[in-house]
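# Per-entry structural report
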Amino acid sequence: RQHHPDMSTVYVGETRVPIGPDTFTLIAGPCAVETPEQTLEAAQMALAAGATLLRGGAFKPRSSPYAFQGLGERGLQILADVRAETGLPVVTEVVDVADVELVASYADMLQIGTRNAQNFTLLQAVGDIGKPVMLKRGMSSTIEEWLMAAEYIAQRGNLDIVLCERGIRTFEKATRNTLDIAAVPVAHDLSHLPIVVDPSHSGGRRDLVVPLSRAAIAVGADGIIVDVHPHPESALCDGPQALVDSDLRALATAVRQLAPLS
Ligand code: PEP
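So, here's what we can say about the structure. These figures come from a predicted structure and were not determined experimentally. Note on numbering: residues in each chain are counted from 1, in written sequence order. For this predicted model, a pLDDT threshold of at least 70 governs which residues receive local features, and a threshold of 80 or more governs which side-chain atom pairs are given and counted, while totals over whole chains, interfaces and linings are taken from all residues.

Another point: the environment of Val17. Runs of E in the DSSP output that reach at least two residues are strands. Runs of H or I that reach at least four are helices, and both are numbered from the N terminus. Tracing the chain through its elements places Val17 in strand E2 (residues 17–19). Any residue surrounded by 20 or more other C-beta atoms within 10 Å of its C-beta is treated as buried, while 12 or fewer makes it exposed and the intermediate range makes it partly exposed; C-beta atoms here are placed from the backbone. Accessibility expressed as a C-beta count within 10 Å gives 23 for Val17, which makes it buried. Distance in space between the C-alpha atoms of Val17 and Thr52 is 6.9 Å, their sequence separation being 35 residues.

A separate point is the pairing of strand E5 (residues 90–93). Neither face of E5 is left uncovered, since the one carrying Val90 and Thr92 and the one carrying Val91 and Glu93 both have all their residues buried. Strand pairing is assigned whenever DSSP detects at least two bridges linking the two strands. Bridge analysis of strand E4 (residues 53–55) against E5 gives two bridges, and the strand direction is parallel. Note that in E5 the partner of Arg55 across the bridge is Val91. Whether a crossover is right-handed comes down to one check: with the strands pointing away from the viewer, does the path from the first strand over the helix to the second run clockwise; if it does, it is right-handed. Between the parallel pair E4 and E5, the chain is carried across by helix H2 (residues 73–86), and the sense of this crossover is right-handed. Across three bridges, the pairing between E5 and strand E6 (residues 109–112) is parallel. The residue bridging Thr92 from the neighbouring strand is Leu110, located in E6. Once the chain exits E5 it traverses helix H3 (residues 100–106) before rejoining the sheet at E6, and the crossover so formed is right-handed.

Its place among the elements puts His3 in the segment before strand E1 (10–12). For His3, a count of 5 C-beta atoms within 10 Å corresponds to the exposed category. Taking the C-alpha atoms as reference, His3 lies 43 Å from Val244; in sequence the two are 241 residues apart.

Strand pairing in a sheet takes place through backbone hydrogen bonds and is either antiparallel or parallel in direction. With parallel pairing, the eight strands of this closed barrel are ordered in space as E3-E4-E5-E6-E7-E8-E9-E10. Direction aside, the axes of adjacent strands within the sheet are offset by 25° on average. Pairing geometry for strand E9 (residues 195–197) and strand E10 (residues 223–227), over two bridges, is parallel. Residue pairing across strands places Val197 opposite Ile224, the latter belonging to E10. Once C-beta atoms have been placed from the backbone, residue pairs whose C-beta atoms lie within 7 Å are recorded as contacts. Where helices are involved, their axes are fitted lines through C-alpha atoms of the stretch in contact, as for all axes, and angles between N-to-C directions lie from 0 to 180°. Of the strands in this sheet, strand E3 (25–29) and E4 are in contact with helix H1 (residues 36–48), which crosses E3 at around 160°.

The criterion for a residue being near a molecule or strand is a backbone-placed C-beta atom within 6 Å of that molecule or strand. Close to the ligand lie Cys31, Gly57, Glu93, Gly113, Thr114, Lys136, Arg166, Asp198 and His201. Grouping the amino acids of the shell around the ligand by side-chain chemistry returns one nonpolar, four polar and four charged. Residues are sorted three ways: Asp, Glu, Lys and Arg are charged, Ala, Val, Leu, Ile, Met, Phe, Trp, Tyr, Cys and Pro are nonpolar, and all the rest, Gly among them, are polar.

Axis separation between helix H8 (residues 209–218) and helix H9 (residues 245–258) bottoms out at 10 Å; the angle between their running directions is 20°. With respect to their mutual orientation, H8 and H9 come out roughly parallel. Crossing of H8 against H9: the hand is right-handed. Within the contact between the two elements, H8 uses Val209, Val210, Ser213, Arg214 and Ile217 and H9 uses Asp247, Ala250, Leu251, Ala254, Val255 and Leu258. Of the residues in the contact of H8 with H9, the class split is eight nonpolar, one polar and two charged. Angular relationships are summarised with four words: roughly parallel below 35 degrees, roughly antiparallel beyond 145, roughly perpendicular across 65 to 115, and oblique for the angles in between. For any pair of crossing helices, the crossing counts as left-handed if the nearer helix is rotated counterclockwise from the farther one by less than a right angle, and right-handed if it is rotated clockwise.

What follows concerns the nonpolar core. Counting 80 residues, the largest nonpolar core has Ala46, Val126, Leu135, Leu163 and Val196 as the members making the most contacts within it. Of the residues forming this core, the biggest block, seven residues, is contributed by helix H5 (residues 143–154). Non-local contacts of Leu135, meaning those with residues more than four positions away in its chain, are made with Ile112, Ala117, Ala149, Ala150, Ile153, Ile161, Leu163 and Cys164. What we call a nonpolar core is a set of buried Ala, Val, Leu, Ile, Met, Phe, Trp, Tyr and Cys residues whose membership is set by joining through C-beta atoms within 7 Å.

Listed below in C-alpha cells is the structure:
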C-alpha cells in the first residue's frame with residue numbers, strides 16, 4: 001500500500017469485468033462442474049441474478065480422497081462451452097503446478113484455494129502465467145501470511161490479484177469456517193488489492209449466504225463469490241451451501257439494496 005496508495009481494479013476476461021473499488025462484483029456458479037447441463041443451468045441462474053463472472057471447480061481439492069475430485073480437463077471444456085453460451089468469463093481453481101498452463105488456457109481467472117494458499121511454488125507459477133488470480137485466504141493463515149502469499153504472485157510481475165476471505169478455522173462448529181469479517185477492512189488498509197468474500201465456503205449453510213453477504217458489503221468488500229446449483233440435493237460437492245434460483249434472487253435483491261452491481 002505504501003508503494004500503491006490508490007486501490008486497484010482487476011479486470012477479468014475479454015469483456016474486462018472489473019473487480020475493484022468503484023463497483024460490486026457478483027461471482028456465482030457451481031462449486032464443482034458436474035455435467036454440461038448442470039453447469040449451464042447454474043450459469044443461467046447466475047446471469048439472471050446479475051452475476052458477471054462464473055465460478056466452477058474442475059479440479060476439486062477435497063478433504064476426503066473418496067469424495068468427488070472434479071472432472072479435470074473435461075470440466076474446463078464444459079466451463080469454456082458455458083462461457084461461449086452465456087458470455088460469462090470463468091474463474092476456476094488450479095491445484096497443481098503441472099496444471100497451471102492447462103487451466104490458464106481455459107480460464108479467465110485462476111483461483112488458488114485455501115488448501116494451497118501457502119503453496120509457494122504454485123503461487124509463483126500463477127504469477128508467471130500472467131492471468132488474473134483469486135487468492136483465497138488459507139484457513140489457518142493470518143492476514144499477514146495471506147498478504148505475503150499475494151506477494152509471491154506479485155513478485156513475479158503479476159499484480160492482477162484479488163484477495164478472497166473465505167473463513168478461517170476456529171473452535172466454533174456452528175459454521176463450517178468462521179468468516180473473519182474484520183479481515184476485509186484490515187487487509188484493505190494494508191493492501192491496494194481488491195477483496196471479495198466467499199459466504200458459501202465460510203458459512204457452509206445456504207441460510208447464511210444472504211446475511212454474510214450483507215456483512216461483506218457493510219465492511220467494504222469489492223464483491224462476493226457464491227455457490228449455485230440447480231439441484232443442490234443431488235450435488236456432488238457442497239450441496240448444503242448452494243443457492244437455488246429463489247435464494248439467488250433474494251441475494252441479488254439484498255445486494256442491490258446495498259451496493260450497485262457491476
Ligand atoms: C472453492 O471455492 O471451490 C473452494 C474449494 O474454496 P476453498 O478453497 O475456500 O475451500
